[in-house]
Amino acid sequence: MAVKAEAVPIKSTRTIASSEVRYVVKVFFKRKLAVIGFVIILLLVLVAIFAPLLTPYDPIKVDSKNRLLQPSWSHPLGTDNTGRDTLSRIIYGTRTSLAVAFGAMGIATIAGVLIGLIAGYFGGIIYIVFMRFIDTLMSIPMLILALFLAAMFGGGLKNIIIALGISLTSIYARLMCGQVLAMKENDYILAMRSLGASDLRIMLRHILPNAFPPLLVMVTLQLGTMILAEAALSYIGIGIQPPTPAWGAMINSGYPYLFTQPVLSIAPGVAIALVVFGFNMVGDGLRDALDPKLRGVL
Amino acid sequence: MAAYIVRRIFQAIIVCVLVSILIFLSLRLLPADPLLIYITKSDAASYSPEMLDKLRHEMGLDKVLPLQYFDWVSKVVRLDLGNSFTFKQKVTELLLKRLPVSLHIGIIAFIISGVLGIIFGVLSGIRRGTWIDNVITPLSNLGVALPTFWLGIVLIYFFAFKWGWLPTYGYTSPFTDFWLSTKQLVMPVLVLMALPLCLVTRQARSSMLEAARQDYVRTAWSKGLSEKVVITRHILKNSLIPIITVIGMGVPHIFAGEVLVEMVFNIPGMGRMLIDAIMSLDYNLLQSGVLVITIVVVLSNLIVDISYSWVDPRVRY
């Protein structure tokens, strides 16, 4: 009986869902800035994947004969103080940046969503304990928390991803918890419960999908923050260890040559700004497309 | 209202206590030896195991964790944060020297970013689609994407190297040489305020647009009120709450930015101190610095929350 009662609404929500997706995609691609952002991100992901095909030079091998060359046809952005081609290093740096951003985001989203779901759904003492903990994490500025954790864990790709992931978890937990609290008392959740659905099923099949739109917006917007934070950590010198190409570290190591060869420091910063701008514009576009208040306005 | 403020202060104290527990535990539970709070790594390597055990006993590191925590907190409350072996002085004295420097730059950046943010946001909101909006909005979108430290380096390249208008780096107290101090402050403040300024501008613009759509604004217009009155008394006043939230969020941004700005411009403040502490693995200095910064942020959150009801009498507790 219960199975039959469920089968009908699920089928109809599927068709609504697909027209919903089509509507959101349509609104999203009507916005010029969102499309620009989307194209930037798409291009950068392709650059990261096909980095070896795009770069004629090794991003790591030291070439002491060609130190600090000015930009030329063979080295469009010149070479750094150990003779490595700047453009090649920026292209490989895309990999580092995106890997850290997506990795840290994965950790933060999964941990945050779980904490938020459990705290919001069960309420009571669990809610108080979890949310006090989240408030605590949130009151430490994100970058300083990441610095602190990175100093505790030590540098390296894996530790940086974990440190950044933990520092962002609180944002997702807070968001998710708010969503759950708002949704929990809705009639359809009560209906599901009266049909005998388990807590786990209600959380995963009904609450989580409904909280998905704001979560998606937050993830996209925070990917930019993540890239900035990774760049900051590697600029300070506790992020990705050399010789792995990382944009922040490149800005730092180019600084002594700022007067003679400003491109060494300035070019990686342009790359960072471009990615972050891309993610922000996609996030803004998604937010507007998914916002029910703006429906019909755009 | 008074009851709310008391409750909110109580909450803030709880958060401070929890932060202290978190910082305390992270030093004890993570792989690094907690003895490194008191001695440097190279010292630890040169001591014999018996001497290390003796030291552990002297520092109370062989007690159970809750006891260790109470030992530590009872000292913190008396403003005794121990010694920093990197700077060879008491952490409290060091903080008293470093915090004013950071606050000097930070408060200036905070005020300018808040005021200019509201002005820019209001201008681009009420003149939507005009050239003002077409300049401000793309710039504020770009501004939130720029890495702080990179902006600093670009400014140094132009203002200091190319044109030679401003000193490259350094910090001078305004009480010793006010003019030099101000010149040295220009670039750090510009860099530090960039992100909060753009965030406030974006928020102010969108809340202005939101409030301008409301019915009471149309009523105000149709009553024949002047544009100035409608904008300041009706639209702006009703869109202030989210703007104040974003201005308040500027405090953690400014503290985080301070770490980078003080590194770029070689300013002896809290941020620079944190980096030095990390580089020399001076865990005691690091935990004290993070604790102090967090307490300042918690206080600023408290002020923001309390100010809501002052700005908007509809907010009741």
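Residues numbered from 1 in each chain as written. Chains lettered and ligands numbered in written order. Predicted model: local features only at pLDDT ≥ 70, side-chain atom pairs only at ≥ 80, totals over all residues.

(A) Here's a closer look at the overall build of chain B. Across its full length, chain B holds 13 helices and 2 strands. Considered along the principal axes of its C-alpha atoms, chain B spans approximately 85 × 55 × 35 Å. In chain B, which comprises 317 residues, the share counted as buried stands at 37%. Sequence separation of 24 or more characterises 71% of the internal contacts of chain B that already satisfy a separation of 6 or more. (Helix = DSSP H or I, 4+ residues; strand = E, 2+ residues; numbered from the N terminus. Buried ≥ 20, exposed ≤ 12 C-beta atoms within 10 Å, placed from the backbone. Contact = placed C-beta atoms within 7 Å.)

(B) Geometry of the nonpolar core. Membership of the largest hydrophobic core comes to 151 residues, with the highest contact counts inside it found for A:Ile144, A:Ala146, A:Leu147, A:Leu164, A:Met226, A:Ala232 and A:Ile272. Setting aside residues up to four positions removed in sequence, A:Ile272 forms contacts with A:Ile227, A:Leu228, A:Ala231, A:Trp247, B:Pro147 and B:Trp150. (Core = buried A, V, L, I, M, F, W, Y, C linked by C-beta atoms within 7 Å.)

(C) Structural view of helix H6 (residues 142-153) of chain A. The first and last C-alpha atoms of H6(A) sit 16 Å apart over 12 residues, in line with the 16 Å expected at 1.5 Å per residue. Burial within H6(A) is extensive, with 10 of its 12 residues counted as buried. Turning to H6(A), the residues buried within the fold contact helix H5 (124-139), helix H7 (157-184) and helix H9 (199-236) of chain A together with helix H11 (240-264), helix H12 (270-279) and helix H13 (283-311) of chain B. Remark: A:Gly154 follows H6(A) within two positions and exhibits a positive phi of approximately 90°. (Expected span 1.5 Å × (residues − 1).)

(D) Here's a closer look at the interface of chain A and chain B. Facing the 33 residues of chain A at the interface are 37 residues of chain B. Secondary structure elements with two or more residues in the side of chain A that touches chain B: H5, H6, H9 and helix H11 (263-290) of chain A. Considering every element that reaches the side of chain A that touches chain B, the biggest residue donor is H11(A), with 8 residues. Taken together, the residues of the side of chain A that touches chain B sort by class into 25 nonpolar, 6 polar and 2 charged. (Nonpolar A, V, L, I, M, F, W, Y, C, P; charged D, E, K, R; others polar.)

(E) View of unusual backbone geometry. Residues and elements named next belong to chain B. Of note, the phi angle at Asn 266 is positive, near 50°, even though the residue is not glycine. As for its position among the elements, Asn 266 is in the loop between H11 and H12. Take Asn 266: there are 11 C-beta atoms within 10 Å of it, and that puts it in the exposed class.

(F) Inspection of the packing of H6(A) against H7(A) at higher detail. All names here are of chain A. Axis separation between H6 and H7 bottoms out at 8 Å; the angle between their running directions is 140°. Here H6 runs over H7; the crossing is right-handed. Of H7, the residues touching H6 (which contributes Met 142, Leu 145, Ala 146, Leu 149, Ala 150 and Phe 153) are Asn 159, Ile 160, Ile 162, Ala 163, Leu 164, Ile 166, Ser 167 and Leu 168. Looking at the contact of H6 with H7, its residues break down into 12 nonpolar, 2 polar and no charged. (Axes fitted to C-alpha atoms, helices over the stretch in contact; angles between N-to-C directions. Left-handed = near helix turned anticlockwise from the far one by under 90°.)

(G) Local environment of the environment of B:Ala2. All names here are of chain B. Among the secondary structure elements, Ala 2 is positioned in helix H1 (residues 2-29). The exposed category is assigned to Ala 2, around which 7 C-beta atoms lie within 10 Å. The sequence separation of Ala 2 and Ser 226 amounts to 224 residues, and the corresponding C-alpha distance is 38 Å.

(H) Layout of the packing of H12(B) against H13(B). Residues and elements named next belong to chain B. Running from N to C, H12 and H13 cross one another at 150°; their axes reach a closest spacing of 8 Å. Considering the angle they form, H12 stands roughly antiparallel to H13. For the element pair H12 and H13, the recorded crossing hand is left-handed. For the pair formed by H12 and H13, the contact residues are Met 270, Met 273, Leu 274, Ala 277 and Ile 278 on the first element and Leu 285, Leu 286, Gly 289 and Ile 293 on the second. Taken together, the residues of the contact of H12 with H13 sort by class into 8 nonpolar, 1 polar and no charged. (Parallel < 35°, antiparallel > 145°, perpendicular 65-115°, else oblique.)

(I) Focus on the environment of B:Ala194. All names here are of chain B. With respect to the helices and strands, the residue Ala 194 is situated in helix H8 (residues 178-212). Residues Ala 194 and Leu 274, spaced 80 residues apart in sequence, show a C-alpha to C-alpha distance of 22 Å. Excluding residues that lie within four positions of it along the chain, Ala 194 makes contacts with Gly 143, Leu 146, Thr 148 and Leu 151.

(J) Geometry of the confidence of the model for chain A. Confidence along chain A averages 81 in pLDDT terms, with 88% of residues attaining 70 or more. Across residues 1-12 of chain A the pLDDT falls below 50, and counting only partners more than four positions away or on other chains, this stretch makes 3 contacts in the model. (pLDDT = per-residue confidence, 0-100.)

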